[in-house]
Amino acid sequence: MSRAATEVLDLPLDIPPEPDELIRAAMAWHFGPTGSPFWLERAKSLPFDPLTDIRTHDDLTLFPNVAAELRDVRTQDLIPRGYGQTPDVVGVFESGGTTGAPKRVVLLRDWLERMLHWSNLNLDAHGFERGVDWLGLVPSGPHIVGEYFRRSAATHGRHGFTLDLDPRWVKKLIAAGRRADADAYAEHLVDQAAFVLRTQDIGVLTITPPLLERIARRDDLTELVNEKVRAIRWGGTQLDPDSRYLYKTEIFPDVVLCGNYGSTMILGFAGERPGLPDDAGCVFDPYSPYVTFSVVNPETLRPVGYGDRGRVLVHHVSKSFFLPNNLERDTATRIEPLAGHTGDAVADIAAVTTFENENVIEGVY
């Protein structure tokens with residue numbers, strides 16, 4: 001592989017690559033001798049040659065959606081051989097919090113650091129104070145959000161406080177008709193959060209929308225958050241514009257509120273666009289050109305018009321991971337991207353009711 005192509009994949013964190021140049025470098029890396037066993041074997045069944053036929057970002061749509069295959073593939077086969085015998089693996093993480101058997105991805109340190117750098121800049125743009133303690137009401141392993149919480153707390157904040165949160169158990173309770181037990185579990189989580197909030201100087205609260213709603217129901221906790229917390233970072237799928245407006249203007253009026261839209265299968269998340277009006281819905285911009293969105297008609301996979309709804313199609317193209325053409329379980333409104341960004345921005349995120357023949361149950365998400 002040429003030195004120039006290697007340099008494109010290893011640019012300094014503050015220098016974005018040219019999108020099509022990134023694609024060509026990624027093809028040389030992932031489908032040459034440095035590629036992962038998974039993709040080198042999978043390439044044999046492709047009706048095209050990635051090394052010669054994939055030249056631009058638009059060409060990624062030629063690839064099949066192989067996300068479901070990540071349920072069974074050996075995780076070591078997902079690591080590009082170019083990392084050598086001792087790749088710096090942060091961890092193996094799973095999807096499957098809300099639908100089906102888990103799919104697995106491997107998080108390497110170079111991508112984690114690149115994603116954190118971009119994410120921390122987004123937090124700065126929203127006015128998150130650096131160097132404060134964080135509290136996370138988010139899943140831990142095997143879900144990737146827990147790792148990102150810990151690293152965000154350490155790199156943007158100071159100390160990170162966590163709780164045990166098992167979204168799979170909540171999903172199982174709801175599927176079995178045990179809604180009261182699921183509610184009791186969620187209240188148990190909020191009780192734990194209350195103890196940390198009362199005893200520690202928490203400056204940033206990271207939380208899912210259903211759990212934030214439960215905190216807002218308790219007057220004592222609402223008062224405590226307003227007294228101590230300077231910023232709330234929510235993540236999951238939905239926070240409707242009316243709820244967002246209520247949180248920002250009435251319930252937590254002096255607290256910064258900022259959202260994320262993430263997925264294990266993209267090894268990260270999209271950040272809320274800074275400067276949106278209080279009464280607007282969230283618009284999410286991915287880490288272009290490494291992670292890009294298209295909002296498409298799920299039958300044709302053709303983009304819908306701006307302002308129209310469709311399914312979210314995701315490409316991840318980086319040195320450590322390659323997953324093109326992944327049709328996510330979420331629908332969204334297609335929004336024009338920021339200047340210089342590739343693909344679409346998304347808004348009004350909502351989960352489909354069924355995905356890969358499984359009912360979607362979000363529970364604490």
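Residues numbered from 1 in each chain as written. Predicted model: local features only at pLDDT ≥ 70, side-chain atom pairs only at ≥ 80, totals over all residues. Heavy atoms only, no water.

As recorded by an unreviewed UniProt entry, the chain carries the name Phenazine antibiotic biosynthesis protein and is attributed to Streptomyces lomondensis.

Put simply, helix H8 (residues 179-199) and helix H9 (residues 209-217) touch, their axes get as near as 10 Å, and they point 70° apart. Relative to H9, H8 is oriented roughly perpendicular. Residues Asp183, Ala186, Glu187, Leu189 and Val190 of H8 form the contact with H9, whose participating residues are Leu211, Arg214 and Ile215. Per-class residue counts for the contact of H8 with H9 are five nonpolar, no polar and three charged. (Axes fitted to C-alpha atoms, helices over the stretch in contact; angles between N-to-C directions. Helix = DSSP H or I, 4+ residues; strand = E, 2+ residues; numbered from the N terminus. Parallel < 35°, antiparallel > 145°, perpendicular 65-115°, else oblique. Contact = heavy atoms within 4.5 Å. Nonpolar A, V, L, I, M, F, W, Y, C, P; charged D, E, K, R; others polar.)

Quick look at the pairing of strand E2 (residues 104-108) now. E2 sits mainly inside the fold: four of its five residues count as buried. As defined by bridge partners, strand E1 (residues 89-94) adjoins E2 across five bridges and the pair is classed as antiparallel. Across the sheet, the residue bridging to Phe93 is Val105, located in E2. (Buried < 20%, exposed > 50% of the residue type's maximum accessible area, 1.4 Å probe, protein only. Pairing = 2+ DSSP bridges.)

Under the criterion given, the structure shown has 23 salt bridges. Of the charged contacts in the structure, one is a salt bridge between Glu94 and Arg168, with a shortest N-O distance of 2.8 Å. Placement of the pair is Glu94 in strand E1 and Arg168 in helix H7 (residues 167-175), with a sequence separation of 74 residues. Assessed through its relative accessible area of 28%, Arg168 is described here as partly exposed. With a shortest N-O distance of 2.8 Å, Arg178 and Asp181 are connected by a salt bridge. (Salt bridge = Lys/Arg side-chain N within 4 Å of Asp/Glu carboxyl O.)

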